[in-house]
Protein chains: 2
Amino acid sequence: MVNETQHTCSASCSSRSDGSSSGSESSKDSSRCSTPVLDADRHERLREKMRRRQEAGDKWFSLEFFPPRTANAAVNLISRFDRMGAGGPLFIDVTWHPAGDPGSDKETSSMIIANTAVNYCGLETILHMTCCNQTKDDITGHLQKAKRLGLKNIMALRGDPAGEEWEEEVDGFNHAVDLVKHIRSEFDDYFDICVAGYPKGHPEAESYEADLRHLKEKVFAGADFIITQLFFRPETFLRFMKDCQAIGITCPIIPGIFPIQGYHSLRQLVKLSKLEVPQEIKDVIEPIKDNDAAIRNYGVELAVSMCRELLDSGMVHGLHFYTLNREVATTEVLKRLGLWKEDPRRPLPWAVSAHPKRRVEDVRPIFWASRPKSYIYRTQEWDDFPNGRWGNSSSPAFGELKDYYLFYLKSKSPREELLKMWGEELTGEESVFEVFTCYITGEPNKNGYKVTCMPWNDDPLATETNLLKHQLEKVNRRGILTINSQPNINGKPSTDPIVGWGPSGGYVFQKAYLEFFASSEIVTALLKVLKKYELRVNYHIVNVKGQNITNAPDLQPNAVTWGIFPGREIIQPTVVDPVSFLYWKDEAFALWIEQWAKLYEEESPSRMIIQYIHDNYYLVNLVDNDFPLENCLWQVVDDTFELLN
Amino acid sequence: MVNETQHTCSASCSSRSDGSSSGSESSKDSSRCSTPVLDADRHERLREKMRRRQEAGDKWFSLEFFPPRTANAAVNLISRFDRMGAGGPLFIDVTWHPAGDPGSDKETSSMIIANTAVNYCGLETILHMTCCNQTKDDITGHLQKAKRLGLKNIMALRGDPAGEEWEEEVDGFNHAVDLVKHIRSEFDDYFDICVAGYPKGHPEAESYEADLRHLKEKVFAGADFIITQLFFRPETFLRFMKDCQAIGITCPIIPGIFPIQGYHSLRQLVKLSKLEVPQEIKDVIEPIKDNDAAIRNYGVELAVSMCRELLDSGMVHGLHFYTLNREVATTEVLKRLGLWKEDPRRPLPWAVSAHPKRRVEDVRPIFWASRPKSYIYRTQEWDDFPNGRWGNSSSPAFGELKDYYLFYLKSKSPREELLKMWGEELTGEESVFEVFTCYITGEPNKNGYKVTCMPWNDDPLATETNLLKHQLEKVNRRGILTINSQPNINGKPSTDPIVGWGPSGGYVFQKAYLEFFASSEIVTALLKVLKKYELRVNYHIVNVKGQNITNAPDLQPNAVTWGIFPGREIIQPTVVDPVSFLYWKDEAFALWIEQWAKLYEEESPSRMIIQYIHDNYYLVNLVDNDFPLENCLWQVVDDTFELLN
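Note that this is a predicted model, so its numbers are computed, not measured. (Residues numbered from 1 in each chain as written. Chains lettered and ligands numbered in written order. Predicted model: local features only at pLDDT ≥ 70, side-chain atom pairs only at ≥ 80, totals over all residues. Heavy atoms only, no water.)

Digging into unusual backbone geometry
Part 1 of the argument: Its identity as a non-glycine residue notwithstanding, A:L324 has a phi of 50°, on the positive side.
Part 2 of the argument: Here A:L324 is to be found in the loop between β8 (318–322) and α13 (328–337).
Part 3 of the argument: At B:N325, a position not held by glycine, the phi torsion is positive, near 65°.
Part 4 of the argument: With respect to the element layout, B:N325 can be found in the loop between β8 (318–322) and α13 (328–337). (Helix = DSSP H or I, 4+ residues; strand = E, 2+ residues; numbered from the N terminus.)

The following block contains the structure:
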């Protein structure tokens, strides 16, 4: 929120996000997550997290976004959530656009964007909600839906009047305080409620003092904290804060920071929010108004110096950024302030979802490591999530994945880009091997394009997988088409920048894992070789028809990642599970067709090659149980090729 | 069972067990268990275990005992179960003595002895039951009680007639087959049922052939397997087995082996069972009838050679031993046959209970490590047992331990022995330190007696604890009175003879643990020292009044033993749990009074010294979380003493 009357503006002036950064600027594996490390963070509500951070003297930041206007922009916004989430915001918030059907199921609605942020990006999220010109039933319906989706925080706003003139409705919601009261009376203490504060007073208020009294009313009606309208001078905020405290407002008040990013956006913004830009700022930007880079640099400087002053005052513990859905300026400010977490500690090796019912979840099959959003989607109907142990009693009923079109499951790259990466025309299975190999090596393909994503992984290779690069390249060249792998780890510190996760002071472990597609010829040889490794290597081999060969004892899951921490029970967040592997198999095989084959004309040779692989190859996973020894899976593959020669 | 008419005999001729072996002959920690290692063994019923062993070509043995006549004999018998259980029997069975109130709650009843074997010794157990001269209701009541106690196997027998002459009762139970039918009709398939076979025909049967037909009837009525009466020549059994198969009996038939252990017991036995001792055996034993050792040696030789012949025939997969409640001869035969497992693989570091409702149990607090029977007793009312994770949600409602008199919780040593070990007269706290130190070192105390048990541990020091002997001695001498400890282990093979457990091919780990009583002076210094180790060492410190100091995060449990195995989830069988520690504290402090103070006269100085320690000392536990590094707990203790000086 910048101003209750500004939402439409920011949507119109910035809904074209700076899409240049889609995917390729980050080499982080999408399965790696960014939520803070303390267990408490998964269980506490936002106001408690805020209090704990404040008590610990731990400064934080939060980020505001508005919903996108198109489906493509939604895909980009979600990538931005993932990337900016990596910096460790305490929460993000999503504005409410009455004109954009904000409570609907459209991929561009406020509700669905907030839902995606919470459930698929694992971000603590505040959903804005306005109340004027809406019936009580509409509002209750929105709130119920938000609760159902796992949203826990509401920013209660009045919203824009329908016409130019403001008219009070009898029995209607005329002020934000009405919405606060309604939420508390209908939903008790379920939601954390945030309200807006105006350091210079709301433009429609009778006076600054009257506006302060309105704010106090909102807080006393049940709001938990305040986020302020933007302002241009630190003293504006500090005075406001003292005035609030003087009349008895004791909840957290978070300053809203607006890094100036461009001349026109600033002009439009101040016009709508009825703020005045101080003369000293005008003096600087007017002369450079056509130089975007210069204005942005100035905006960053200005924001950094203002934030420093606020933090140094000792009265400010968190900063809220109006991002206008852009990354660069805000990230730059945060980095210069030292608030951006370059290596945010991961509570688990995968991105935890922020839905309350997934709070206890701490085990997942490894198969979806590169497609965590698909895993969350396919398990969204579960009532219980595995905790402590996957268990062979968990009979996983995974939802079918037919909905490849869902914006948060879609590839970030358009068809033309994919064709350049994966080949306009395939000439045989070898040209498929070549694509896999280029993805691993990072070398351009024969047409000079780098392969930065694959149907099974929309991101460049994970840092951890890079450890295995040389061996992966060798085997992909020969038709062992790898889609997932991890090295063995025998007790590295939990703070290790590449493989670490969980609280500090612990040790993390992994069993070596390799998952790939291969022809039946390779699989026949592999099975002979595996006899030699019977006690050491567990395997599951399955084709699209479901023919399934495994040596898993009693169909038990095999823990392949675990961590030992001070004063805690063991955490084993990833397992290789024979039952869920059969569900993953459906998805993994379908991706050949949905993402790759369908790029080509029907009946075309390229399409038939992919179809042939889909119909005839096997999906194989291998675990080397002897994690303290050198990984034997490469030897298994070498032996297989030797047998084939 | 030796013969349905022989039960009273064996009770009368052998109820004085060879008590010489109580406790001291085994240095195995009582918390170390002996059930076989496969998970399947915890979940399969007896007949399935038998079938799996047979299919795997894995020979096994079982042991028959009769209930003791006195409470003291019961204590000794339970120790014998623990010791002989260590050899790895597939099951034990307990005979039914109609004259001894066999279904009652007396500590000498068949029911209670079988209950103890299953629940407290973790042994698969068959309870014998006879049916003649009993009402249907009585029998149903016994069976219901057996089921309630977790017994799963019944040996269905006719029993002895009331008078000399056998009279059929109309509508009564006249034959074992009636009992088999009754069990199946009232309890469906809940129980595994065993019946008796007579290789020479039952003495009361019309003919050998008629007896075979009776046996077939019992099997067809629902019996799962047959154990035979004793016999003297292998060909007797082999011919019987062929005859059984010829008339269509296909279930397992287990030969009953009776190692001759003395002249008189043999004579009495054959008289009652109406068997004839072959001339070649009489010829040997008559001349040596007064030489017990010679007869026993001969009995062992004879049994070994007969067993070898049976096993070599390929028709026999398991051997059932009539132990007459004695250890030496049977153990000797089993060792010479190679059936006695010197190092039976342990499925978990502690003795699992065989009660069906405890099947999934795989986590326990470490506190009861030396008192597993007390732990089982105090948790016997639990409906669910922790599995995979202890969890801080498990709100453990431990039963109070007031019942120190329960025979399976009692010390094996009589009062006089305890006084010799722990001091007829204490002169101060130092004389208590001395007792602890002698227990650790194994050196005799100043009166020349070895201290082989303590109130908190009825067995000599565990092999594992021996690894810490030198350090333990040092600290006990200075008043850190240790009652439980384990070294840190960083990935030893699961087959390690001292610290190994679980399936082979795995790795086991431990965090170093130390638990002790200490004066408040020591504790004050210790708390200062612990500040230096805040992140590395977790501690709980509590006195008898419940004053409690801990740094456990969020009262979470700390896993201190865990194992990583091929194709499985992580197993973490022991935890240090802040909540259950407060229950253990009550028991640990009470043992000072119940087991030690009460040895002395009221108001005596010795009693007052123990009472003083009970009232004023603290119980402390320490965990070093940094298991890959050298154990720092000794340094913590050294620093504490240094601070005190």
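With respect to the domain arrangement of chain A
Residue and element names in this part refer to chain A.
Part 1 of the argument: Per the domain assignment, the segments making up chain A are domain 1 (48–161 + 170–262 + 292–337) and domain 2 (364–644).
Part 2 of the argument: When each unit is reduced to the centre of its C-alpha atoms, the spacing between domain 1 and domain 2 is 39 Å.
Part 3 of the argument: Facing 13 residues of domain 1, the contacting portion of domain 2 comprises 8 residues.
Part 4 of the argument: Across the domain 1/domain 2 interface, buried area totals approximately 960 Å², and carbon plus sulfur atoms make up 66% of it.
Part 5 of the argument: A per-residue breakdown of the area domain 1 buries against domain 2 is headed by V75, E107 and Y120, which together make up 59% of the total.
Part 6 of the argument: In this structure, the connection of domain 1 to domain 2 is made through 1 salt bridge.
Part 7 of the argument: Here K373 makes a salt bridge to D82, at a shortest N to O gap of 2.5 Å.
Part 8 of the argument: The tally of links between domain 1 and domain 2 comes to 1 residue pair in polar contact (both at pLDDT 80 or more).
Part 9 of the argument: If you list the elements that add at least two residues to the side of domain 1 that touches domain 2, you get α4 (71–85) and α5 (110–119).
Part 10 of the argument: The element contributing the most residues to the side of domain 1 that touches domain 2 is α4, with 6 residues. (Domains from an automatic or database assignment. Contact = heavy atoms within 4.5 Å. Buried area = accessible area lost by both parts, 1.4 Å probe. Salt bridge = Lys/Arg side-chain N within 4 Å of Asp/Glu carboxyl O. Polar contact = N/O pair within 3.5 Å; in protein donor to acceptor, adjacent residues only side chain to side chain.)

Quick notes on the packing of aromatic side chains
Residues and elements named next belong to chain A.
Part 1 of the argument: Counted by the stated rule, this structure contains 67 aromatic pairs over all chains.
Part 2 of the argument: Pairing F509 with F627 gives two aromatic rings, centres 6.0 Å apart and planes at 90°, and the pair type is edge-to-face. A residue pair is termed long-range when its members are at least 10 positions apart, and F509 in strand β12 (residues 507–510) and F627 in the loop between β18 (618–624) and α22 (633–644) qualify at 118 residues. Accessibility classification places F509 together with F627 in one group, the buried group.
Part 3 of the argument: Within the aromatic cluster, the residues linked to one another by ring pairs are F367, W368, Y375, W382, F385, W390, F398, F581, Y583 and W584.
Part 4 of the argument: Residue placement shows R478 over the ring face of F641; its charged tip is 4.0 Å from the ring centre. (Phe/Tyr/Trp six-rings, centres within 6.5 Å; stacked < 30°, edge-to-face > 60°. Buried < 20%, exposed > 50% of the residue type's maximum accessible area, 1.4 Å probe, protein only. Lys NZ or Arg CZ within 6 Å of the ring centre and 35° of its normal.)

Thoughts on the relation of the copies chain A and chain B
Part 1 of the argument: Rotating chain A by 180° and moving it 0.1 Å along the rotation axis overlays it on chain B with an RMSD of 0.1 Å. Such a combination of turn and shift is consistent with a two-fold rotation axis. In terms of C-alpha distance to the rotation axis, chain A has A:G388 as its closest residue, with the C-alpha 3.2 Å off the axis.
Part 2 of the argument: Looking at chain A, 100% of its interface residues are interface residues in chain B too, so the copies touch through the same face. (Least-squares fit on C-alpha atoms with pLDDT ≥ 70 in both.)

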